[in-house]
Amino acid sequence: MPLAQTRVVVLAGGVGGSKFTLGVRAALRKVGAPEATVVVNTGDDLWLAGVRLQPDVDSITYALAGVNDTVRGWGRAGDTERVNEELQAWGGGWPWFTLGDLDLGTHLARTGWLRDGATPTQVLARMAERWPLGARLLPMTDSEVDTHVLLEDGGRLHFQEWWTRHRAALVPRAFENPGIAEAVPAPGVVDAIAGADVVLVAPSNPVVSIGPILGVRGIREALQRTEATVVGVSPIIGGRVVRGMADVCLTAIGVETSAAAVARHYGARSDGGILDAWLLAEEDADAAPEVTAAGIRAVVAPLWMTDVDASAAIAAAALRA
Ligand code: FO1
């Protein structure tokens with residue numbers, strides 16, 4: 001299959017997903033291939049102060065539109081916080097969570113359309129009309145799924161509170177996704193996977209970003225059935241998480257923070273899992289035999305997403321795999 005005709009689907013969430021998606025877009029443009037379809041995690045979406053927030057959808061949309069805050073890693077570049085100050089003066093929202101003024105414009109538009117009866121898929125398509133994103137974004141599901149963190153001390157927190165307020169410092173014993181059992185894939189997700197030549201699993205948090213996508217009934221099955229090659233990119237480099245606090249999440253579900261352990265967690269397609277191949281960082285080349293032994297083809301490549309060119313090179317390596 002010539003690269004120029006490759007139909008690509010990406011499973012993505014959050015900051016790792018945004019950087020990787022930018023790389024995929026650049027790599028596909030370079031060879032004149034069609035735009036990728038990106039299935040985005042919506043498991044940490046939430047209602048706050050009457051508006052619907054979609055952190056991962058917005059991170060990826062803003063990044064593709066080139067309007068994201070690359071320093072903070074979330075929200076809009078150059079945003080201000082006047083509305084948030086007033087909201088908090090009323091005791092609204094969360095004191096440890098900032099809703100930027102421009103970002104709030106997104107949430108208000110989205111909430112209005114949802115209230116008018118649009119589905120999240122339709123809302124996202126409408127948002128994508130504003131900027132030439134160069135990729136088709138689909139939410140993993142149109143129904144509301146949450147992420148809760150069950151703590152060692154018996155407590156239960158919303159994921160955003162645990163992540164943003166406590167910086168993942170409270171020891172989790174499990175993650176739950178209320179609503180996931182009833183969720184079905186958003187329209188177009190299963191067809192995109194079925195019609196793809198390559199499915200790429202972004203180097204996003206395996207537990208709270210990719211985990212919910214795979215938890216939507218029908219998506220894992222579509223990955224197992226597709227004729228596409230499914231290639232994952234390790235979010236672990238040199239035995240450490242590249243960004244975020246994915247190690248805490250992995251420990252909670254009993255997975256070691258290593259490139260091979262995450263590959264085994266996803267599993268080989270030949271063994272009921274989802275992967276055909278796994279991109280390992282050069283720093284983790286030693287782990288290649290372990291990955292191969294699990295029935296997954298190991299491909300060693302530089303994996304630091306330092307800029308779009310580096311991310312595009314990673315995406316190209318994944319496409320070649
Ligand atoms: N992350 C923070 O660390 N602090 C914030 O105040 C914050 C606000 C925020 C508002 C809207 C939004 O879509 C995302 C926001 N994030 C914030 C990022 C987000 O909480 C997490 O980084 C992701 O959910 C993890 O994937």
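I will try to describe carefully the structure that is included in this document. As a convention, each chain's residues are numbered from 1 in the sequence order in which they are written. It should be noted that, the model being predicted, local features are given only for residues of pLDDT at least 70 and side-chain atom pairs only at 80 or more, the latter also being counted only at that level, while totals for whole chains, interfaces and linings use all residues. Water and hydrogen atoms play no part in the side-chain values, which are based on all heavy atoms of the structure.

### Notes on the side chain of Asn205
- Comment: elements are numbered from the N terminus, with helices defined as DSSP H or I runs of at least four residues and strands as E runs of at least two. Inspection of the secondary structure assignment puts Asn205 in the loop between strand E9 (198-201) and helix H8 (210-215).
- Only heavy atoms enter the contact rule, under which two residues are in contact if any of them lie within 4.5 Å. Sequence-distant contacts of Asn205, defined by excluding residues within four places in its chain, comprise Trp163, Ile210, Gly211, Ala246 and Cys249.

### Structural notes on the nonpolar core
- Counting residues in each nonpolar core, the largest one holds 57 residues, and the members touching the most others are Leu11, Trp162, Val199, Leu223, Tyr266, Leu275 and Trp278.
- With 6 residues, the single largest contributor to this core is helix H11 (residues 259-266).
- We define a nonpolar core as any set of buried Ala, Val, Leu, Ile, Met, Phe, Trp, Tyr and Cys residues linked to one another through side-chain atoms lying within 4.5 Å. Accessible area is worked out with a 1.4 Å probe on protein chains only. A residue is then buried under 20% of its type maximum, exposed over 50%, and partly exposed in between. The next biggest cluster of nonpolar side chains, apart from the first, holds 42 residues, and it includes Ala12, Val67, Ala301 and Met305.

### Quick look at the sheet that holds strand E7 (residues 156-158)
- Strands are labelled as partners when DSSP assigns at least two bridges between them. Ordered by their spatial adjacency, 3 strands build an open sheet running E7-E6-E8, and the pairing between neighbours is antiparallel. Because the sheet does not close on itself, it has two edges, and the strands there are E7 and strand E8 (172-176). Taking each pair of neighbouring strands and ignoring which way they run, the sheet shows an average axis angle of 25°.
- Judged from the 4 bridges that link them, strand E6 (residues 148-151) and E8 form a sheet pairing that is antiparallel. Residue Leu150 lies in a different strand from E8, and its bridge partner there is Ala174. In this analysis an axis means a line fitted to C-alpha atoms, helices contributing only their contacting stretch, and an angle means the value between N-to-C directions, from 0 to 180 degrees.

### Here's the deal with unusual backbone geometry
- In this model, Ala49 sits at a positive phi of 50°, which is unusual for a non-glycine residue.
- For Arg167, which is not a glycine, the phi torsion comes out positive at approximately 50°.

### Details of the site of the ligand
- Near, as used in this document, describes a residue that has one of its heavy atoms within 4 Å of the molecule or strand being considered. Looking at the ligand, the residues that line it are Asp44, Pro55, Asp56, Trp74, Trp96, Phe97, Thr98, Asp103, Gln160, Trp163, Thr164 and Arg167.
- Whenever a nitrogen or oxygen atom comes within 3.5 Å of another N or O atom, the pair is scored as a polar contact, on the condition that within protein one atom can donate a hydrogen and the other can accept it, and that pairs from neighbouring residues in sequence are kept only if both atoms are in side chains. With respect to the ligand, the side chain of Asp56 contributes an N or O atom lying 3.2 Å from an oxygen atom.
- Between the ligand and Arg167 there is a distance of 2.8 Å, counted from an oxygen atom to a side-chain nitrogen or oxygen.
- Compared with its free state, where it exposes 530 Å², the ligand has 88% of that area covered by protein.
- Counting only elements with at least two residues in the shell around the ligand, the list comes to helix H2 (55-65) and helix H6 (159-165).
- A per-element tally of the shell around the ligand places H6 first, with 3 residues.
- Under the convention adopted here, Pro, Cys and the residues Ala, Val, Leu, Ile, Met, Phe, Trp and Tyr are nonpolar, Asp, Glu, Lys and Arg are charged, and Gly plus all remaining residues are polar. Of the residues belonging to the shell around the ligand, the class tally is 5 nonpolar, 3 polar and 4 charged. Each accessible area is a Shrake-Rupley estimate made with a 1.4 Å probe; only the visible protein chains count as cover when residues are assessed.

### A short note on the packing of aromatic side chains
- Only centres within 6.5 Å qualify two rings of Phe, Tyr or Trp (six-membered ring in Trp) as a pair; their planes then separate them into stacked at under 30 degrees, edge-to-face at over 60, and tilted for everything else. A full pass over the atoms with the stated rule returns 9 aromatic pairs.
- Taking the centre distance of 4.5 Å and the plane angle of 20° together, the rings of Trp94 and Trp96 count as stacked.
- Taking the centre distance of 5.8 Å and the plane angle of 70° together, the rings of Tyr266 and Trp278 count as edge-to-face. With Tyr266 in helix H11 and Trp278 in strand E13 (residues 277-281), the pair connects residues that are 12 residues apart, well separated along the chain. Both residues of the pair, Tyr266 and Trp278, belong to the buried class.
- Two thresholds decide whether a charge sits over a ring: the Lys NZ or Arg CZ must be within 6 Å of the ring centre and within 35 degrees of the ring normal. The ring of Trp74 is capped by Arg72, whose NZ or CZ atom sits 3.9 Å from the centre of that ring.

### Points about the pairing of E9
- Taking every second residue as pointing to the same face, both faces of E9 are buried, with Val198 and Leu200 on one and Val199 and Val201 on the other.
- The sheet contact formed by strand E1 (residues 8-12) and E9 spans 4 bridges and is parallel. Its bridge partner lying in E9, Val10 is registered against Leu200.
- Pairing geometry for E9 and strand E10 (residues 229-233), over 4 bridges, is parallel. The residue bridging Leu200 from the neighbouring strand is Val231, located in E10.

### A few points about the pairing of E13
- Burial within E13 is extensive, with 5 of its 5 residues counted as buried.
- Neither face of E13 is exposed, since Ala277, Leu279 and Ala281 on one face and Trp278 and Leu280 on the opposite face are all buried.
- Note that E10 and E13 share 3 bridges and pair parallel. Of the residues in E13, the one forming a bridge with Val231 is Ala277.
- Examined bridge by bridge, E13 and strand E14 (residues 297-301) share 5 bridges and lie parallel to one another.

### Topic: the pattern of salt bridges
- Every case where a carboxyl oxygen of Asp or Glu lies within 4 Å of a side-chain nitrogen of Lys or Arg is listed as a salt bridge. A full pass over the atoms with the stated rule returns 8 salt bridges.
- The shortest N-O distance in the salt bridge between Asp69 and Arg72 comes to 3.1 Å.
- Judged by relative accessible area, which is 15%, Asp69 ranks as buried.

### Details of the sheet that holds E14
- Spatially, the 7 strands line up as an open sheet ordered E5-E2-E1-E9-E10-E13-E14, and their pairing is parallel. Each having just a single partner strand, strand E5 (135-139) and E14 make up the two edges of the open sheet. Neighbour-to-neighbour, the strand axes of this sheet turn through a mean angle of 25°, independent of strand direction.
- Most of the contacts of helix H1 (residues 14-31) go to E1, to which it runs at about 170°, and overall it touches E1, strand E2 (36-40), E9 and E10.
- Sheet strands touched by H11: E9 and E13. Its angle to E13, the strand with the most contacts, is close to 165°.

Limitation: the analysis is restricted to geometry and does not speak to function.
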